[in-house]
4 protein chains.
Amino acid sequence: MTYSVAVSGASGYAGGEILRILAAHPDIEIRTVTAHSNAGQPLVAHQPHLRSLRHLELQETTPEVLSGHDIVFLALPHGQSGQYTDALTDTALVIDAGADHRLETVADWDRFYGGSFHEPWVYGVPELPVGGGVQRERLVGASRIAAPGCNASTVSLSLAPGVAAGVIDAGDIVAVLAVGPSGAGKSLKPTLLASEILGSANPYAVGGTHRHIPEIRQALRAARAAGVPDAPIRISFTPVIVPMSRGILATSSAPLVEGVSDADVRAAWESAYGDETFVQLLPAGEFPRTADVLGANTALMGIAIDRDAGRVVVVTAVDNLAKGTAGAAVQSMNIALGLPEDRALTVNGVAP
Amino acid sequence: MTYSVAVSGASGYAGGEILRILAAHPDIEIRTVTAHSNAGQPLVAHQPHLRSLRHLELQETTPEVLSGHDIVFLALPHGQSGQYTDALTDTALVIDAGADHRLETVADWDRFYGGSFHEPWVYGVPELPVGGGVQRERLVGASRIAAPGCNASTVSLSLAPGVAAGVIDAGDIVAVLAVGPSGAGKSLKPTLLASEILGSANPYAVGGTHRHIPEIRQALRAARAAGVPDAPIRISFTPVIVPMSRGILATSSAPLVEGVSDADVRAAWESAYGDETFVQLLPAGEFPRTADVLGANTALMGIAIDRDAGRVVVVTAVDNLAKGTAGAAVQSMNIALGLPEDRALTVNGVAP
Amino acid sequence: MTYSVAVSGASGYAGGEILRILAAHPDIEIRTVTAHSNAGQPLVAHQPHLRSLRHLELQETTPEVLSGHDIVFLALPHGQSGQYTDALTDTALVIDAGADHRLETVADWDRFYGGSFHEPWVYGVPELPVGGGVQRERLVGASRIAAPGCNASTVSLSLAPGVAAGVIDAGDIVAVLAVGPSGAGKSLKPTLLASEILGSANPYAVGGTHRHIPEIRQALRAARAAGVPDAPIRISFTPVIVPMSRGILATSSAPLVEGVSDADVRAAWESAYGDETFVQLLPAGEFPRTADVLGANTALMGIAIDRDAGRVVVVTAVDNLAKGTAGAAVQSMNIALGLPEDRALTVNGVAP
Amino acid sequence: MTYSVAVSGASGYAGGEILRILAAHPDIEIRTVTAHSNAGQPLVAHQPHLRSLRHLELQETTPEVLSGHDIVFLALPHGQSGQYTDALTDTALVIDAGADHRLETVADWDRFYGGSFHEPWVYGVPELPVGGGVQRERLVGASRIAAPGCNASTVSLSLAPGVAAGVIDAGDIVAVLAVGPSGAGKSLKPTLLASEILGSANPYAVGGTHRHIPEIRQALRAARAAGVPDAPIRISFTPVIVPMSRGILATSSAPLVEGVSDADVRAAWESAYGDETFVQLLPAGEFPRTADVLGANTALMGIAIDRDAGRVVVVTAVDNLAKGTAGAAVQSMNIALGLPEDRALTVNGVAP
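Remember, it's a predicted structure, so these values are computed and weren't measured experimentally.

1. A closer look at the UniProt feature "active site" (unreviewed entry) in chain A
Residues and elements named next belong to chain A.
Move 1: UniProt tags Cys 150 as "active site" (unreviewed entry).
Move 2: Its location among the elements puts Cys 150 in helix α6 (residues 150–165).
Move 3: Residue classification places Cys 150 among the buried positions, given a relative accessible area of 10%.

2. Observations concerning the interface of chain B and chain A
Move 1: Every contact between the two is made by 41 residues of chain B and, on the other side, 42 residues of chain A.
Move 2: Summed over both sides, the interface between chain B and chain A buries roughly 3500 Å², with carbon and sulfur atoms accounting for 57% of that surface.
Move 3: Among the residues of chain B in contact with chain A, B:Val206, B:Arg289 and B:Asp308 are the three that bury the most area, contributing 14% of the side total.
Move 4: The shortest N-O distance in the salt bridge between A:Arg111 and B:Asp308 comes to 2.4 Å.
Move 5: Applying the counting criterion to the chain B and chain A interface returns 17 residue pairs in polar contact (both at pLDDT 80 or more).

3. Let's talk about the sheet that holds strand β9 (residues 144–146) of chain D
Residue and element names in this part refer to chain D.
Move 1: Strand order in this open sheet of seven strands is β3-β2-β1-β4-β5-β9-β6, and the pairing throughout is parallel. Looking at which strands have only one partner, the edges of the open sheet turn out to be β3 (58–60) and β6 (122–123).
Move 2: Where β6 and β9 come together, two bridges link them in parallel fashion. Bridging from a neighbouring strand, Val 122 pairs with Ile 145 of β9.
Move 3: Strands β1 (3–7), β2 (28–35), β4 (71–74), β5 (93–96) and β9 of the sheet are contacted by helix α10 (residues 322–337), whose axis makes an angle of about 160 degrees with β5.

4. What to know about the interface of chain B and chain D
Frequently, the measure chosen for interface size is the accessible area that the parts lose on association.
Move 1: At the interface, 29 residues of chain B touch 29 residues of chain D.
Move 2: Buried surface at the junction of chain B and chain D, both sides included, amounts to about 2200 Å², of which 56% is carbon and sulfur.
Move 3: Joining chain B to chain D, the criterion identifies zero salt bridges.
Move 4: One can count 16 residue pairs in polar contact (both at pLDDT 80 or more) joining chain B with chain D.
Move 5: Considering every element that reaches the side of chain B that touches chain D, the biggest residue donor is helix α1 (residues 13–22) of chain B, with three residues.
Move 6: In terms of residue class, the side of chain B that touches chain D is built from 13 nonpolar, nine polar and seven charged.

5. A short note on the domain arrangement of chain A
Residue and element names in this part refer to chain A.
Move 1: Taken as a whole, chain A is organised into domain 1 (3–147 + 323–337) and domain 2 (151–320).
Move 2: Opposite the 29 residues of domain 1 that make contact, domain 2 presents 39 residues.
Move 3: Of the roughly 2600 Å² buried where domain 1 meets domain 2, counting both sides, 51% is carbon and sulfur surface.
Move 4: For the domain 1 face of the interface with domain 2, the top three residues by lost area are Tyr 13, Phe 112 and Lys 323, together amounting to 26%.
Move 5: Counting across the interface, domain 1 meets domain 2 through four salt bridges.
Move 6: Among the ionic pairs, Glu 276 bridges to Arg 136, the shortest N-O distance being 2.7 Å.
Move 7: Here domain 1 is connected to domain 2 by 16 residue pairs in polar contact (both at pLDDT 80 or more).
Move 8: Of all the elements in the fold, those that place two or more residues in the side of domain 1 that touches domain 2 are α1 (13–22), α4 (106–112), β7 (129–130) and α10 (322–337).

6. Remarks on the relation of the copies chain B and chain A
Move 1: Each copy of the sequence occupies a distinct position, and chain B is placed on chain A by a rotation of 180 degrees and an axial shift of 0.0 Å, giving an RMSD of 0.0 Å. The superposition of one copy onto the other is thereby described by a two-fold rotation axis. When C-alpha positions in chain B are compared against the rotation axis, the closest is assigned to B:Pro243, at 2.9 Å.

7. Examining helix α8 (residues 213–223) of chain C
All names here are of chain C.
Move 1: Counting buried residues along α8, nine of its eleven residues qualify, which places the element largely inside the surrounding structure.
Move 2: Within α8 the residues assigned to the buried category are Ile 213, Pro 214, Glu 215, Ile 216, Arg 217, Gln 218, Ala 219, Leu 220 and Ala 223.
Move 3: Contacts made by the buried residues of α8 are with α4 (106–112), β6 (122–123), β7 (129–130), α6 (150–165), β10 (173–179) and β12 (235–241).

8. A short note on the UniProt feature "domain: Semialdehyde dehydrogenase NAD-binding" (unreviewed entry) in chain A
Move 1: The positions UniProt marks with the feature "domain: Semialdehyde dehydrogenase NAD-binding" (unreviewed entry) are residues 4–142 of chain A.
Move 2: Secondary structure across residues 4–142 of chain A comprises 21% helix and 21% strand; the distance between its end C-alpha atoms is 17 Å.

9. Re the pattern of salt bridges
Close approach of charged atoms allows side chains of opposite charge to pair.
Residue and element names in this part refer to chain A.
Move 1: Tallied over the full model, the rule gives 68 salt bridges over all chains.
Move 2: Ionic pairing is found between Arg 217 and Asp 108, a salt bridge with its closest N-O pair at 3.8 Å. Taken together, the residues span a long stretch of sequence, with Arg 217 in helix α8 (residues 212–223) and Asp 108 in helix α4 at a distance of 109 residues.
Move 3: Residue classification places Arg 217 among the buried positions, given a relative accessible area of 13%.
Move 4: We classify Asp 108 as buried; its relative accessible area is 16%.
Move 5: Among the charged side chains, a network of salt bridges with common partners joins Glu 17, Arg 20, Arg 246 and Asp 319.

What counts, and at which threshold
- Counting from 1, residues in each chain are numbered in the order their sequence is written.
- Working convention: letters from A go to chains and numbers from 1 go to ligands, in the order in which they are written.
- The predicted origin of the model limits local features to residues at a pLDDT of at least 70 and limits the giving and counting of side-chain atom pairs to 80 or more, whereas totals for whole chains, interfaces and linings rest on all residues.
- No hydrogens and no water enter the side-chain calculation; it runs on all heavy atoms of the structure.
- UniProt positions are given in the numbering used here, feature names are shortened, and annotations may be inferred rather than shown by experiment.
- Under the scheme used here, helices are H or I runs from DSSP no shorter than 4 residues and strands are E runs no shorter than 2 residues, and both carry numbers assigned from the N terminus.
- Partly exposed describes any residue whose relative accessible area lies between the buried limit of under 20% and the exposed limit of over 50%, with all areas from a 1.4 Å probe on protein chains only and scaled to the type maximum.
- Between two residues, a contact is recorded if the distance between any of their heavy atoms is within 4.5 Å.
- Note: buried area is the sum, over both parts, of the accessible area (probe 1.4 Å) each one loses when the two are combined.
- By definition, a salt bridge exists where a carboxyl oxygen of Asp or Glu is found within 4 Å of a side-chain nitrogen of Lys or Arg.
- Any pair of nitrogen or oxygen atoms within 3.5 Å is treated as a polar contact; in protein, a donor-acceptor pairing is required on top of that, and neighbouring residues in sequence qualify only through side-chain atoms on both sides.
- Paired strands, as defined in this entry, are two strands with at least two bridges between them according to DSSP.
- Fitted lines through C-alpha atoms serve as axes, helices being fitted only where they are in contact, and the angles separating the N-to-C directions of these axes extend from 0 to 180 degrees.
- Amino acid classes used here: Ala, Val, Leu, Ile, Met, Phe, Trp, Tyr, Cys and Pro are nonpolar; Asp, Glu, Lys and Arg are charged; the rest, including Gly, are polar.
- Where a domain begins and ends is set by an automatic assignment or by a domain database.
- Alignment of the copies relies on least squares applied to C-alpha atoms, considering only residues that score at least 70 for pLDDT in both.

Spelled out as structure tokens, the structure:
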């Protein structure tokens, strides 16, 4: 069968990437694309790279326009999804690429976002270890899915196997990410102008203020297998915008638990991801580059054990718009619908 | 008086930057530029931006050619300086921009470099706190100076005030650096090709193998004031090449020592750098970008205290070729010769 | 049926892109990948983005290794294809991504390349107007195909409709191209280092020496419909390397023939490309960006008629590795084999 | 003596570059910096690279604030200078970095800009040939100076010697420029976002609509020596934004006049620029890169004579903010005031 789809926020970066991936999906008919201030214009006026969708026109984002489809993707600024989700009760599958349905506690929401709290939906990172199992199981047949924050899922995937296996200490995690500006969306801010970012590395949200921090803590807490003690999870998190349009290179580290062997460490990650298609562990001594996953749904990961520093260092490359957002959303959709998980998704990056 | 200068390695990036800065120095006559395989060619064939030096021709790098100048700059691959320094005993001032005279112990040299060990020279990072004083004092009148490794001095400057004051724990330092490829020199390696680096973030020397690690440990050990306990210094260090020709953005963090107040932390850095011209602390909540220091001799620094993570995070921007190498060398030269410390050096970056 | 394929030059950029596209082709089995100095190593050591092909090992490029496949792609430096093509007489389809079989005259070959001349093969630019028809017709059933030079096909596609229709004067063409460095291959030259190209625009082959010039002249000569006079074709051609890994933005112009209306001009291009999938004409007043076609097989084109300057200006964006080389090769293969022309090829770019 | 200076538009890119250059000028005291919406904030909030000026606060741009200085620089959007210039009648020297005082005819102004026409001021491109002389002569003692458009002066300097000498035909000029986005100013437009420009080449103002076209025509008309016929000047002009923050690489060509020898061509440019400090001609066969002039006041130029194409091709690299705008302004100021022309200006670029 063919599923009809509406994509809101279709003139933005996340919406555009959802459309790019769905355009190659044989089971999907992209019926409706919506936007806010750009409604009434052709989609290609804002997404000139989506040549196969040049017949589509942006409609107003309203509950009426969005309803009546099998699947609705919400790619809206945080705080805006709620008003639509209430009106989409008859829609079989709603996937929110925004933050509104990611956090599990009101306290986290209030501190990092603010405004009305919305109930958490099933988290759309299929490979994530959860309490002895894997998140994929929860996505089967899901009707409401929260796609992850791109930085959050990258760090969570990096460290969850070690936390789950109890080989690293989650109480002193340090993550520094080189990220492309597309993660910040198509916002008209001076700091996102090309002249400011070209030739420069630009930190932001330094010192514990980034909104993806509670999302990581939540995922790592959930990752712990039964029996692993529930100690506090602490994360020093610093994103640095660098001059590449897409990509996240996350360098995440945590103290090695005493007495753990190198083989134990490696085994934790291999048992988590050894059979996965879209989370791939590189051989010892090899580390990924973001170019290797550009446009792909792959999280590519290398692990080092630095005994001098007493830390396990995990370097992970992800395309923030693909595996980080839209790819995760489509992969989760495939699982929810019972389709082959890799449909319309590629493991091969566009490089060089 | 005017000092005559010879610069070896003049066709490389570090040599080129030394020449760019010296070309604007009123007390310096650039008399001789030398190279290895490029000898016999015009300097501008390899440094086309040095328009004011287009009359110079590259000569062979030999002890004979280098001797007879008041000052000699060595900008050679590691392991090559020694053969020249022995022959330059009559030269009043020799400044090595390479690694040969930086490390203090044979053990560190053997582990991270290898080959003949050379005695350490005065370390050319004037603002670095050392045992209650400052490195500048040791540079006055010096005749042999080791310019720093660019990544090393950036991390050392970032954390030394906190280590010196005992407000951070140097036993669990994590430093992740976004760096431009010029730090790797003009080497013909596939990984340094533009096609590989454009649009990509590329980690290297992950897991404790980078050569600047012992240099940082050494500087931080020296920074401790009398009375601060001599606990082991441990550093997780990860450099990531990003698509900008120049620049280092170092995100360095260390655990906050218990009971230390925010004011204590800030005071440690302010007392170290409050009067410095070329190491500038930004107001609380502000952080630097590498573009702000491009071409300048400035290390620009922002500090965050993340109590949730229990860490002090220092973000420092440096131009790897300027303040990181050639600027530090010329600043050290000015001090050694008794010239105004800022002669030929600028605090203003070229931005955007 | 499934066709077995061997790709030589598989560790280079053109070879890598052929593999990336073929990896998604349902009728193709990539059986053999070969290289020269890198033989014996895993393919992913040189193409780390080709995650789905990580089981493949590079073999030596020899006639023996290449023979025995249904299809062989040659992605070798110019002058090296000949030795293999002689040995591949039994191979049903050979596609050369190099220059050896592109030029039709010994004079052009001797002047721009030199060495042994090889007979021209069918030129692999399906949409190119040729003498009243279209190049596609010649590719049906072809057994030997010369994939185009990326810059050449971009300029030829830009202007051929106007030349064919006689609305522009091919005697004073000016083409200036902003190109990514991947077009120059994975060569270890100082001028291709990231430090040299980041933040800089770099011209090369200025003044009529670029090897793609005779290829353009040849294509435009062939484009002329019967009855259009055979006046000399003259091209001023300047490529400028800019800091993007992939992409060609060609700004090509030629004098407007007197008495030709704006509608005549637009009609020439619309009649040539109006029904094409992979060569798309933008509405009047719109012009393409290279990001819009990254990874896609699309040539995206905008036309301006500048009556003050007396010129028709055509701006065309192409991914040099995709539509410029590997995409053209696979598209031509599809035609030759009677497969759907767009199989494994996408019109949508990866943006932003 | 020390001249007091006010700079309006100090939070923008042109204003910032004027300040960067003046900060190193021994005869200048930067007394006042003004802005519009950013008034009341520290200058470094908007120009964080101007570390030596961190004591300055942005004041409101009003005639009252600007008056009372020896020199006023206007770096405002076009159409806004007029209101201030009327009020600055007592100011000894006013330099407009905007367009308001560049064009000589109302017709050109109305067609390309619109709004009130302002009288032309002395054009601030000192090296430009004018009617047998050089523009510098007109700048001596000037009290009102119009700094050039960056693209305009680059193309005008490229071709004026050939036009002046009558060796090229100005009736069919083609100029294609690779330009950095800083030339478009700090405008909050989607097309100027980093995500849109990174990894992409982006044409704009295609087909004869760019505002710098009449400025070039005017300069080339003025360049003609007595006796060179006054034929129409026609220019096809296409700027392409490429991913570098600064820089212009202009590829300009014009038909070679029949019977002119290669030596004649070269002599035209050498006689124009052979003695110039800031316009430098490269040896035959060499061409400049924009990195070579980053931050410098140098226009670096290479010339090719392409007899096959029948064109002279001039490739010129300029830093759009330095020699293209602020450098030209300060150089013109130096001449007007009788100071050494190169004061505070450098010929050496910051590379790599």
